[in-house]
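Inside the fold
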Amino acid sequence: MQIRKLLLPAVSALALAGCAAGPDHVSSAPTPDVETSPFLSAEAGVVSSAPLPSDWWRLYDDPVLDGLVADALAANTDIRQAAARIQRARAQLRGARADRLPQVGLTASAGYGRTSEAQTLPGQDRDGGQFAIGADVAYEVDLFGRVSSGIAAARGDVAAARADADAVRVMVVADTTRAYADAASATARLRVAQSIVGLLEDSLRLTRKRHDAGYTDGLAVARIESLLEQRAATIPAIDAQRRAALFALATLTGRAPAALPANIGERDVPLEIEAPLPVGDGTQLLARRPDVRAAEQRALAEGARIGIARADLYPRITLGGSIGSNASSLGNLFTGGPLGFVLGPLIDWAFPNREPVYARIEAAQADAAGSLAAFDGTVLVALQEAETALSNYARSLERRRILTAAVQSAERAARIVRAQNREGLINSLDTLDAERTLAEARATLADQDADVSRQQIAVFRALGGGWSIEPENADEQG
């Protein structure tokens, strides 16, 4: 698979190397088949090849939305959890780096006891105090890459945690924008539903007048009343959807529902960008998607763990020394007589049974292969989601164009029918059909306006949100 060229050299080199440490991190380049190619579903007039800005929600030019996104990024609980996971990974990286440093230990003891008669010199008291103090220093010589591989793996874990946090931010920004758009669309749909009810009320008054004048029967009045009640019944459902969107906004921004500012639900027109959406190309997509970056870093980390396992095939060499003193009294503890020291290397080597080591290497290689497969799958899913979102958005715009034309036709038909009804040229069934057709067309168009907003946000989310990557800390790079 061509997309494996992103990582295959680094991971394979480690898997096949004799005893070297895991691979150094290398920046991956997109594969040739997606490097410069535009999206298949990128239609002219709908999207453009301009890069997606990192603060894409500002394209809507809505200060209320900008404030909500800022609040969500600062207070959302999912983002706070992701930040905690980064801190944990950084702590583990510091622990791995500490293996490069000498390990120093201090010991001290004091007690009272009796020595055996065989160990006691003539004339000395067998009972008495026993005091000891000592210091040990050990430094592992990383000839076979165990320490450096551990650091590389921990560094990959930190980078993956950071990419995961970016993915959470993308999700939170998209969900916040979507909830705000849903609230605005619901308000707009409420306005449309109320206007439909108003028109049907006017039609009902006219029908009742004709009924009172004897020009139509009671059945016509009942049918108009039924249609009016059906349309009026949609208003509570739409209002419930609006309230649910506002409650979701409160949670996303770290607030209780009662603490959400009142002006948040004032927008009564759908949230939409009328200009072609900037979407970039395949190269920018793979560089921007946090889940792709996270999968890459996990594959590199698993590759480094092969180096950790391979290092166990070779001796672990530690340079160390110790100094200490034992005495029967504190006064003699620091004199030159009882003071002693030891310097020299320590070799630790599991031999000749190597099967457990080979088993760990094979397990590490399997984990690396699984991570590489996960990376492949993540890239493919990213491309699939981007193409699907772009296609759905284009089709949503097309459907709205058709529905807009349908509403215009229904409005013309309704005007004609109302005029003919006033003059008594048509019966009540024709009037009812025209009113029902117009009501359904307007309600469907309002729903489609909401769908266009949702599909726009889905495009931004599938593109990785355009999230600007926070620069790495200096202590994560070495």
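Scope of this entry: the structure provided in the associated data block. (Residues numbered from 1 in each chain as written. Predicted model: local features only at pLDDT ≥ 70, side-chain atom pairs only at ≥ 80, totals over all residues. Heavy atoms only, no water.)

**Brief notes about the overall build of the protein chain**
This is how the line gets drawn: Per the convention used, a helix needs a DSSP run of H or I reaching at least four residues, while a strand needs a run of E reaching at least two, with both numbered from the N terminus. Contact criterion: two residues are considered in contact whenever any of their non-hydrogen atoms come within 4.5 Å of each other.
Within the protein chain one finds 11 helices and six strands. Summarising the internal contacts of the protein chain: among those between residues at least 6 apart in sequence, 85% fall at separations of at least 24.

**Some words on the packing of helix H3 (residues 63–75) against helix H5 (residues 146–212)**
Each pair of packed helices can be described by the angle between their axes along with the distance between the axes. Worth spelling out the cut-off: To get an axis, a line is fitted to the C-alpha atoms, and for a helix only the part in contact is used. The angle between two axes follows their N-to-C directions and goes from 0 to 180 degrees. Working rule for handedness: look at the near helix, and if it is turned counterclockwise from the far one by less than a right angle, call the crossing left-handed; if clockwise, right-handed. Classification convention: Asp, Glu, Lys, Arg as charged; Ala, Val, Leu, Ile, Met, Phe, Trp, Tyr, Cys, Pro as nonpolar; all other residues, Gly among them, as polar.
Axis separation between H3 and H5 bottoms out at 10 Å; the angle between their running directions is 145°. The handedness of the crossing between H3 and H5 comes out as right-handed. The residues of H5 that touch H3, namely those facing Val64, Leu65, Leu68, Val69, Ala72 and Leu73, are Arg169, Val172, Val173, Thr176, Thr177 and Tyr180. When its residues are assigned to classes, the contact of H3 with H5 shows nine nonpolar, two polar and one charged.

**Description of the environment of Leu190**
Applied cut-off: Remark: exposure states derive from per-residue accessible area (1.4 Å probe, protein chains only) relative to the maximum for the residue type, with buried under 20%, exposed over 50%, and partly exposed in between.
Looking at where Leu190 falls in the secondary structure, it is placed in helix H5. Classification of Leu190 as buried rests on a relative accessible area of 10%. For the pair Leu190 and Asp268, spaced 78 residues apart in sequence, the C-alpha to C-alpha distance is 8.8 Å. Excluding residues that lie within four positions of it along the chain, Leu190 makes contacts with Ile235, Ile238, Asp239 and Arg242.

**Brief notes about unusual backbone geometry**
You will see that Asp61, though not glycine, has its phi angle at about 55°, which is positive. One can find Asp61 in the loop between strand S1 (47–48) and H3.

**Some words on the pattern of salt bridges**
The line we're drawing: Salt-bridge detection follows one rule: a side-chain nitrogen of Lys or Arg within 4 Å of a carboxyl oxygen of Asp or Glu.
With the rule as written, the count across this model stands at 28 salt bridges. With a shortest N-O distance of 2.0 Å, Asp202 and Arg205 are connected by a salt bridge. Highlighted residues: Asp202 and Arg205, both in helix H5, separated by three residues, approximately one helical turn. In the salt-bridge network here, residues are joined through shared partners; they are Glu140, Arg146, Asp312, Arg316 and Arg360.

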